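Each chain is listed here by its residues.
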Amino acid sequence: MKTTDTSKTQRPVVLSPAPRPVETLEKPPFISAKKHKKIPAKERIKNLVKKIPFFQEMDYLRRKIHDSPLFDFSVKELARELEEWPPALLLDVTNRCNAKCVWCPNPDLTDLGAMKMDLYRKIIDDYAVRGGVVHFGTFGEPLMDKTLKEKIEYLQKFPTIKRVEVLTNAFFMNEKIIPTLLEHDVAVDISLDELDRETFEDVKKMSYDVVRQNIIDLLKANDRLHRPVPVNFRIKTLKTMAETLDHEFFKIIEGHQCTIALTPIDNNIISNWAGRFDKAGFLDRYGMDSGQSVRFNHKRFNLTNTAPCTQLWKWMVVYWDGSVVLCCADMFSSTPVGNLREDSIRDVWGGTVLTELRKKMIARKRFEIPICQNCDIHLSWHHLKNDYDSDGEPFKGKFL
């Protein structure tokens, strides 16, 4: 990974508007807002290809071939580059969450807490030696951390911190924190999901009106900036694509500087959180097909795919107490690989535990790792090329 560029004079690049493609198996359709561009010929061709008969079957076959050992050579060099230093730090500064989303096992957590400033400073001081991306929010709601403002401000002294991101449900994104986010160029990723009040409050168990107003306030304030910060919306909805696009709140959001990742909920979207979430029960409750009868289901492929998982190279996931867990699916900290209270980032990232787990992955021994045995979030390490260039640098303007 290159470390020579330590400039902090540039604000983060606003995410470039993207065309509106049809839904794919692996990625939600991204809809750009505010600025609309003509869809390039390349994208139009891709969209047409996805509509042809038996596309799912062919895409399934493509993944099966691409994720075989035959093509490991195409990503090994990047993986070795990323093994030198974590390109991103996912900080679970608190695992508390005010929302009780029906597809999330967070309410079952019992070991709750928030990262203390002394521990946070130690971690950041260590990470800033080489730096990278700092991302707040993994298993909880980061804006519930009463010291988050101080934590964001502390990052400003380190030019090696290339980008700062926060993932939030927007309930606490009010006038106290919005100025901090905008002043310090924090990219804001909002897990909004439902757009209408009744469905929103049914599936998320929190006030729709508070979240809606906070979002509008952020978007208006961001639009007033000469160079707005990146704002993205994750809309995972029980409504159809047509119903969502026609919703008045969607149209309000679309009128501002932001991007939108829209994914209608089905058995191919909801995850089982490495076996900790009753996905089948959720699908049954909401009258959805389990997908077991569909041979080419994306999530079913993830359950059986033996290719090395992207998570072991993509980022370092740090629990609120300083323990480092294997991946972003390990909400219950079942597979700790180190602890930054005592150890350095370099010692954990390049240490024996992670090194041996990576070797197992590369040897196609995924199912010898307990947390990986029943995980449908598993994506092959080829996806690293979607987030990092050949030097291990994160692509500008793209949320991790």
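Remember, predicted model here, so these are calculated numbers, not experimental data.

What counts, and at which threshold
- Residues numbered from 1 in each chain as written.
- Predicted model: local features only at pLDDT ≥ 70, side-chain atom pairs only at ≥ 80, totals over all residues.
- Heavy atoms only, no water.
- Helix = DSSP H or I, 4+ residues; strand = E, 2+ residues; numbered from the N terminus.
- Buried < 20%, exposed > 50% of the residue type's maximum accessible area, 1.4 Å probe, protein only.
- Polar contact = N/O pair within 3.5 Å; in protein donor to acceptor, adjacent residues only side chain to side chain.
- Contact = heavy atoms within 4.5 Å.
- Axes fitted to C-alpha atoms, helices over the stretch in contact; angles between N-to-C directions.
- Parallel < 35°, antiparallel > 145°, perpendicular 65-115°, else oblique.
- Left-handed = near helix turned anticlockwise from the far one by under 90°.
- Nonpolar A, V, L, I, M, F, W, Y, C, P; charged D, E, K, R; others polar.
- Core = buried A, V, L, I, M, F, W, Y, C linked by side-chain atoms within 4.5 Å.
- pLDDT = per-residue confidence, 0-100.
- Arc of directions from axis to C-beta.
- Salt bridge = Lys/Arg side-chain N within 4 Å of Asp/Glu carboxyl O.
- Pairing = 2+ DSSP bridges.
- Right-handed = clockwise from strand over helix to strand, strands pointing away.
- Phe/Tyr/Trp six-rings, centres within 6.5 Å; stacked < 30°, edge-to-face > 60°.

Participant: An account of the side chain of Asp189 is needed here, citing residue identities and associated values.
Facilitator: Tracing the backbone through its elements, the reader meets Asp189 in strand 5 (residues 186-191). Accessibility expressed as a relative area gives 2% for Asp189, which makes it buried. At 2.9 Å, the side chain of Asp189 and the side chain of Arg234 are in polar contact. Dropping the residues within four chain positions of it, Asp189 is found in contact with Val166, Leu167, Thr168, Asn232, Arg234 and Phe399.

Participant: Outline the packing of helix 4 (residues 117-127) against helix 5 (residues 148-155), listing residues and values.
Facilitator: Between helix 4 and helix 5, whose axes approach to 11 Å, the crossing angle comes to 25°. By the angle class used here, helix 4 and helix 5 are roughly parallel. Judged by the twist between their axes, the crossing of helix 4 over helix 5 is right-handed. Here Met117, Tyr120, Arg121, Ile124 and Asp125 of helix 4 lie close against helix 5, whose contacting residues are Glu150, Lys151, Ile152, Tyr154 and Leu155. Of the residues belonging to the contact of helix 4 with helix 5, the class tally is six nonpolar, no polar and four charged.

Participant: So what about unusual backbone geometry? Which residues, and what values?
Facilitator: With a phi close to 60°, Lys205 is a non-glycine residue in the positive phi region. Mapped onto the secondary structure, Lys205 falls in the loop between helix 7 (197-204) and helix 8 (208-223). Positive phi outside glycine occurs at Arg364, with the angle close to 65°. Residue position: Arg364 is located in the loop between helix 15 (352-362) and helix 16 (384-387).

Participant: I'd like a rundown of the nonpolar core, residues and numbers included.
Facilitator: In this structure, Leu91, Phe136, Met173, Ile190, Leu192, Ile215 and Phe233 are the most contacted members of the largest nonpolar core, which totals 108 residues. Considering each element in turn, this core owes the most residues, seven residues, to helix 8. Once you skip the residues sitting within four places of it in the chain, Leu192 turns out to touch Phe200, Lys204, Val211, Ile215, Phe233, Arg234, Ile235, Phe249 and Ile253.

Participant: Which residues make up the environment of Phe399, and what are the values?
Facilitator: Locating Phe399 in the fold gives a position in the segment after helix 16. Put simply, Phe399 and Asp189 are 210 residues apart on the chain and 7.7 Å apart in space, counted from C-alpha to C-alpha.

Participant: Could you give an account of the confidence of the model for the protein, naming the residues involved and the relevant values?
Facilitator: Should the pLDDT be low somewhere, the predicted coordinates at that spot are not to be read in detail. Put simply, the protein has an average pLDDT of 85, and 83% of its residues get 70 or more. Below a pLDDT of 50 lies the segment residues 2-26, which in the model reaches 63 contacts outside its immediate sequence neighbourhood of four places, other chains included. Below a pLDDT of 50 lies the segment residues 35-40, which in the model reaches eight contacts outside its immediate sequence neighbourhood of four places, other chains included.

Participant: Give me the environment of Glu243: which residues, what numbers.
Facilitator: Looking at the element boundaries, Glu243 is found in helix 9 (residues 241-245). Glu243 sits 48 residues away from Leu195 along the chain, and the two C-alpha atoms are 9.9 Å apart.

Participant: Explain helix 3 (residues 73-82) residue by residue, including any values.
Facilitator: Because the α-helix completes a turn every 3.6 residues, residues three or four places apart line up on one side. The complete set of buried residues in helix 3 reads Val75, Leu78, Ala79 and Leu82. Considered in projection along helix 3, the buried side chains sweep an arc of 105° and stay on one side of the axis. Exposed residues pointing more than 90 degrees away from the buried face of helix 3 are listed as Phe73 and Glu77. Contacts from the buried residues of helix 3 go to helix 13 (311-314), helix 14 (345-349) and helix 16.

Participant: Can you break down the pattern of salt bridges residue by residue, with the values?
Facilitator: All told, the structure shown has 19 salt bridges when counted by the stated rule. Note that Asp145 is salt-bridged to Lys151, the shortest N-O span being 2.8 Å. Take Asp145: its relative accessible area is 7%, and that puts it in the buried class. For Asp387, the salt bridge goes to Lys314, with nearest N and O atoms at 3.4 Å. Separated by 73 residues along the polypeptide, Asp387 in helix 16 and Lys314 in helix 13 bring together distant segments of the chain. In this structure, Asp387 and Lys314 share a single accessibility class: buried. Residues joined in a network through salt bridges with shared partners are Asp118, Arg121 and Glu150.

Participant: Hey, could you go over the pairing of strand 3 (residues 132-136) for me, with residue numbers and the actual values?
Facilitator: Counting buried positions over the five residues of strand 3 gives five, a clear majority of the element. Judged from the four bridges that link them, strand 2 (residues 88-91) and strand 3 form a sheet pairing that is parallel. If you follow Leu90 over to strand 3, its bridge partner there is His135. Crossover strand 2 to strand 3 through helix 4 is right-handed. Summarising the sheet, strand 3 and strand 4 (residues 161-168) pair through five bridges and their orientation is parallel. Bridged to Val134 within strand 4 is Val164. Assessed by its sense of winding, the connection that carries the chain from strand 3 through helix 5 to strand 4 is right-handed.

Participant: An account of the packing of aromatic side chains is requested, with residue identities and associated values reported.
Facilitator: Across all of its chains, the model carries 10 aromatic pairs by this definition. Pairing Phe139 with Tyr319 gives two aromatic rings, centres 5.8 Å apart and planes at 55°, and the pair type is tilted. Here Tyr319 lies in the loop between strand 8 (316-318) and strand 9 (323-325) and Phe139 lies in the loop between strand 3 and helix 5, a separation of 180 residues in the sequence. Among the aromatic residues, ring-to-ring pairing joins Tyr120, Phe136, Tyr154 and Phe158 into one connected group.

Participant: Could you give me a rundown of the packing of helix 7 against helix 8, with the residues and numbers involved?
Facilitator: Contact geometry for helix 7 and helix 8: axes closest at 9 Å, N-to-C directions at 110°. As judged from the angle between their axes, helix 7 and helix 8 are roughly perpendicular. Taken together, the residues of helix 8 that come into contact with helix 7 (itself represented by Arg197, Phe200 and Glu201) are Tyr208, Asp209 and Val211. Partitioning the contact of helix 7 with helix 8 into residue classes produces three nonpolar, no polar and three charged.

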